[in-house]
Amino acid sequence: TEIAGCLRAAYYGLYVGRPYTEKMVIGLDNHQFFANQLAKAIKMVDGVDCVLEYEVSRGVVRGRVDLLCGGEPIELKFTSVPSKSNAFYSHYVKQLMYYMALLGAKTGHLVMVSFDFRQHTAETFTLDDEQIKKLLEEIDSRSAKLLRAKQLQIEPEPERGPYCGFCRYKNICFNSRLEV
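Bear in mind that the values here come from a model prediction, so they are computed numbers and not experimental data. (Residues numbered from 1 in each chain as written. Predicted model: local features only at pLDDT ≥ 70, side-chain atom pairs only at ≥ 80, totals over all residues. Heavy atoms only, no water.)

Chemist: I keep staring at the side chain of glutamine 95 and nothing clicks. Help me out?
Modeler: When you line up the elements, glutamine 95 lands in helix α3 (residues 89-103). Classification of glutamine 95 by relative accessible area gives buried; the value is 8%. In this structure the side chain of glutamine 95 is engaged in a polar contact, spanning 2.7 Å, whose partner is the side chain of lysine 77. (Helix = DSSP H or I, 4+ residues; strand = E, 2+ residues; numbered from the N terminus. Buried < 20%, exposed > 50% of the residue type's maximum accessible area, 1.4 Å probe, protein only. Polar contact = N/O pair within 3.5 Å; in protein donor to acceptor, adjacent residues only side chain to side chain.)

Set out below in structure tokens:
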């Protein structure tokens with residue numbers, strides 16, 4: 001899951017840990033409730049069974065798809081900005097696409113929901129066989145980079161983007177770039 005985002009942040013997560021904010025705790029609570037309700041609704045409307053927190057893996061890469069319904073992954077994100085303007089949107093999409101590739105799924109869904117459940121965005125993504133192959137190669141490459149960084153204890157290069165200002169490791173990352 002972590003390799004879909006910045007590899008430097010993933011590296012820090014290995015050594016510093018993953019600090020939780022109040023919003024993250026609220027998101028985790030909402031996540032479980034919403035996933036259960038969505039699974040029940042899909043079963044009732046479409047007759048399709050869903051598996052919650054379905055585990056996927058490839059080599060050292062491990063992840064958990066929030067919902068797997070009829071072979072299609074559904075990734076849920078709770079956020080104060082449930083839209084494409086969310087700083088982490090590209091990470092959310094990449095995570096879903098990685099799950100799709102790991103499952104060999106041609107279709108997947110991203111659902112972003114506000115913390116108060118009043119706003120949401122749902123999108124469907126599709127992949128062809130060539131895109132799945134390229135994503136699997138990317139997963140292998142990124143996981144190898146992170147593993148190599150861990151073994152050598154050298155931080156990967158930061159992957160700068162709109163999410164940097166919101167990253168839980170921004171103080172460490174920014175400080176590590178200071179020239180003394």
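Chemist: Where do I start with the sheet that holds strand β3 (residues 72-79) in this structure?
Modeler: Sheets are built from strands that pair by backbone hydrogen bonding, the pairs being arranged parallel or antiparallel. In spatial order, the strands read β1-β2-β3-β4-β5; together these 5 strands make up an open sheet with mixed pairing. Both edges of this open sheet fall to β1 (50-58) and β5 (120-126), since each of them pairs with a single strand only. Adjacent strand axes in the sheet meet at a mean angle of 35°, parallel and antiparallel pairs treated alike. Where β1 lies against strand β2 (residues 61-69), 8 bridges are found, and the strand directions are antiparallel. Bridging across to β2, tyrosine 54 finds its partner in valine 65. (Pairing = 2+ DSSP bridges. Axes fitted to C-alpha atoms, helices over the stretch in contact; angles between N-to-C directions.)

Chemist: Just to check I follow, could you spell out the nonpolar core for this structure?
Modeler: Most often, soluble globular proteins have nonpolar side chains that are buried together. Formed by 33 residues in total, the largest nonpolar core has its most connected members in Ile3, Leu110 and Phe125. Secondary-structure elements contributing two or more residues to this core are α1 (7-15), α3, β4 (107-114) and α4 (129-152). If one sorts the elements of this core by residue count, α3 sits on top with 8 residues. Beyond its immediate sequence surroundings of up to four residues, phenylalanine 125 is in contact with Tyr89, Val93, Leu96, Met97, Met100, Lys106, Thr107, Gly108 and Leu110. Membership of the second largest hydrophobic core comes to 11 residues, among which are Ala35, Ala39, Cys50 and Val111. (Core = buried A, V, L, I, M, F, W, Y, C linked by side-chain atoms within 4.5 Å. Contact = heavy atoms within 4.5 Å.)

Chemist: Looking at this structure, I do not really get the pattern of salt bridges. What am I missing?
Modeler: Opposite charge on two side chains allows them to pair when their charged atoms are near. Evaluated as defined, the whole model comprises 10 salt bridges. The shortest N-O distance in the salt bridge between arginine 64 and glutamate 55 comes to 3.7 Å. For glutamate 55, a relative accessible area of 55% gives the class exposed. (Salt bridge = Lys/Arg side-chain N within 4 Å of Asp/Glu carboxyl O.)

Chemist: Looking at this structure, how should I read the environment of glutamate 137?
Modeler: Counting through the fold element by element, glutamate 137 comes out in helix α4. Using a relative accessible area of 46% as the deciding quantity, one classes glutamate 137 as partly exposed. Along the primary structure glutamate 137 and alanine 101 are separated by 36 residues, whereas in three dimensions their C-alpha atoms are 9.9 Å apart.

Chemist: Just to check I follow, could you spell out a nonpolar patch on the surface for this structure?
Modeler: Together, Leu14, Tyr15, Val16 and Ile172 make up an exposed nonpolar region whose accessible area comes to about 340 Å². With respect to the helices and strands, the residue valine 16 is situated in the loop between α1 and α2 (22-46). (Patch = residues over 30% accessible without salt bridge, like charges linked within 9 Å, V, L, I, M, F, W, Y side chains within 5 Å. Areas by Shrake-Rupley, 256 points an atom, 1.4 Å probe, with all protein chains shown as cover.)

Chemist: I would appreciate a short explanation of the pairing of β3 in the present structure.
Modeler: Within a regular beta strand, the side chains point alternately toward one face of the sheet and then the other, so they alternate between its two faces. With 7 of 8 residues buried, β3 is to be regarded as a mostly interior element. As paired elements, β2 and β3 share 3 bridges and run antiparallel to each other. Residue pairing across strands places leucine 68 opposite proline 73, the latter belonging to β3. Hairpin connection from β2 to β3: 2 residues lie between these consecutive antiparallel strands, with glycine 70 at a positive phi of about 60°. With α3 bridging β3 and the parallel β4, this β-α-β connection has right-handed handedness. (Right-handed = clockwise from strand over helix to strand, strands pointing away.)

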